[in-house]
Amino acid sequence: MKLLQICPEAPGKHSGGQLVIRQTLLSLAGNGWNVDYIGPVIEDPQIRALYSHLYVLEPGNNVLLRVYDTLHGNTNQRYRSWKKLELDFDSYDGIVMEFTKLDYVLERVPKDRLFVRVHNVEADFSMKNFRYNRTINNYIDKILSPGREKKIVKEAAKLIVLTEKDRRRLEELYQVPDEKIVTIPVCVENRRKMDGETADEKTVNMILTGSLWFGPNYEGIKWFLKNVFTRLDIPCSLIIAGARPNEELIGLISNMKGVTLVDSPESMEPYFQKSDLAITPIFDGAGMKVKVAEALSYGLPVVGTSHAFEGYSIGHQVNSYHADSPEEFIESIRHFYGLSQEGKRKMKSSSHRLFLECYSQERSCELFRQVLERSGIL
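Residues numbered from 1 in each chain as written. Predicted model: local features only at pLDDT ≥ 70, side-chain atom pairs only at ≥ 80, totals over all residues. Heavy atoms only, no water.

A. The arrangement of the overall build of the protein chain in detail. When helices and strands are counted, the protein chain shows 14 helices and 13 strands. Against the globule reference of 21 Å for 378 residues, the protein chain gives a C-alpha radius of gyration of 21 Å, in line with a compact fold. Across its three principal axes, the protein chain shows a C-alpha extent of roughly 60 × 45 × 40 Å. In the protein chain, the proportion of contacts linking residues at least 24 apart, taken out of those at least 6 apart, comes to 66%. Counting only carbon and sulfur atoms, one obtains 48% of the accessible surface of the protein chain, whose full area is about 16,600 Å². Side chains of the protein chain give 49 positive and 50 negative charges; the mean places of these two sets differ by 2 Å. (Helix = DSSP H or I, 4+ residues; strand = E, 2+ residues; numbered from the N terminus. Rg over C-alpha atoms; globule rule 2.2 N^0.38 Å. Contact = heavy atoms within 4.5 Å. Areas by Shrake-Rupley, 256 points an atom, 1.4 Å probe, with all protein chains shown as cover. Lys, Arg positive; Asp, Glu negative; His and termini not counted. Charge placed at Lys NZ, Arg CZ, Asp CG, Glu CD.)

B. Region of interest: the sheet that holds strand β3 (residues 53-56). Strand order in this open sheet of seven strands is β3-β2-β1-β4-β5-β6-β7, and the pairing throughout is parallel. Strands at the two margins of the open sheet, each flanked by one partner only, are β3 and β7 (181-183). Going from strand to strand, the sheet's axes swing by 20° on average, the running direction of each strand aside. (Pairing = 2+ DSSP bridges. Axes fitted to C-alpha atoms, helices over the stretch in contact; angles between N-to-C directions.)

C. Quick look at the pattern of salt bridges. Within this structure, the stated rule accounts for 22 salt bridges. Across the pair Glu189 and Arg22 runs a salt bridge whose closest N-O atoms are separated by 2.4 Å. Taken as a pair, Glu189 in the loop between β7 and β8 (204-211) and Arg22 in helix α1 (residues 16-30) lie far apart in primary sequence, 167 residues in all. Looking at Arg22, the relative accessible area reads 11%, which means it is buried. Overlapping salt bridges bring together Arg22, Glu189 and Arg191 as one network. (Salt bridge = Lys/Arg side-chain N within 4 Å of Asp/Glu carboxyl O. Buried < 20%, exposed > 50% of the residue type's maximum accessible area, 1.4 Å probe, protein only.)

D. Quick peek at unusual backbone geometry. One non-glycine residue with positive phi stands out, namely Phe99, at about 75°. Turning to its location among the elements, Phe99 is positioned in the loop between β4 (94-98) and β5 (114-118). Classification of Phe99 as buried rests on a relative accessible area of 4%. Positive phi values are uncommon outside glycine, yet Gln175 reaches one of about 55°. Note that Gln175 resides in the loop between α7 (164-174) and β7. We classify Gln175 as exposed; its relative accessible area is 57%.

E. Spatial organisation of a nonpolar patch on the surface. The grouping of Val41, Leu54 and Val56 at the surface amounts to a nonpolar patch, some 210 Å² of accessible area in total. Note that Val41 resides in the loop between β2 (34-39) and α2 (45-48). Judged by relative accessible area, Val41 falls into the partly exposed class, the value being 42%. (Patch = residues over 30% accessible without salt bridge, like charges linked within 9 Å, V, L, I, M, F, W, Y side chains within 5 Å.)

F. Representation of the pairing of strand β10 (residues 259-263) within the structure. Sheet topology places strand β9 (residues 236-243) next to β10; five bridges connect them, and they run parallel. By the bridge assignment, Leu238 is partnered in β10 with Val259. Considered for its hand, the β-α-β crossover made up of β9, helix α9 (residues 247-254) and β10 is right-handed. (Right-handed = clockwise from strand over helix to strand, strands pointing away.)

None of this, on its own, says anything about what the molecule does.
Below, the structure written as structure tokens:
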């Protein structure tokens, strides 16, 4: 079977969006299907090698054209490259588009074969992004996103959402029929190499990850440092690792004992491997938090908010911890610290078992095959 994946950003490992796009690719290729790609340059040679053909769209640098396109609702810097692309879209059995952003794609692709991976409800995401970062680009995005998204969700053959919450929101905003939407959660590759033992039973080594420039992420981190970490009375350490931390966060962390900041690491693996517990103090944002699936893939229990666990089947004190207040975070971390080595090992095994059953790449391959089968493409 011949499929096409259309992406506004390249698949990779450095952000939630990149990881979900990568999940789509691995799910399609993992079923033995041939996949072509349209989008920005892919830096990772291993990812590039999984595609049959690559159609790289170069960003435009003509300022006047960019202004003209923006005034006509096309803000993507690769729009002109897309217009010049010569490709027979009817030759594909199915087309998978990432995000509900590229409404101009609808003019050229067969919509009865168009599957859209809904990473976020863009109408909500763009509004919240502008609230935290009031730039002109974010303002334009906030104004244009609802209209673009409405066109896409109405004309696509299938919408693949990450969570039931996003399903309900699409139905509420755009009156999309329920049968048009399917749910495939965030899934990642298995990363667990540990035996489930902690390196030092006297210290809880915590990790907190994410795109550190994104408002809800750094606001959550600041909240955790101020209201939880400084109040912990047990031996513990914290690694904060992620892309592009802002100056406020850098300054705050520089004065805190026991906290290490890792700015835009090439790989998160070394930091997950030396940790015992993942922390996700997220109270706002959109979509499903990839960082939770990543932690579970390493066999790490997660202490997270209800918002962070949207889309996940978490068992409190079984495979992770629900916590929405400073007291609940402190109590959960203390609970983990107080477990025996055997108790910690069992909780880590339970968190990894949840990952394998629900959020592994193998599970994603199975779910994508079911979607295409039920759509009559297979």
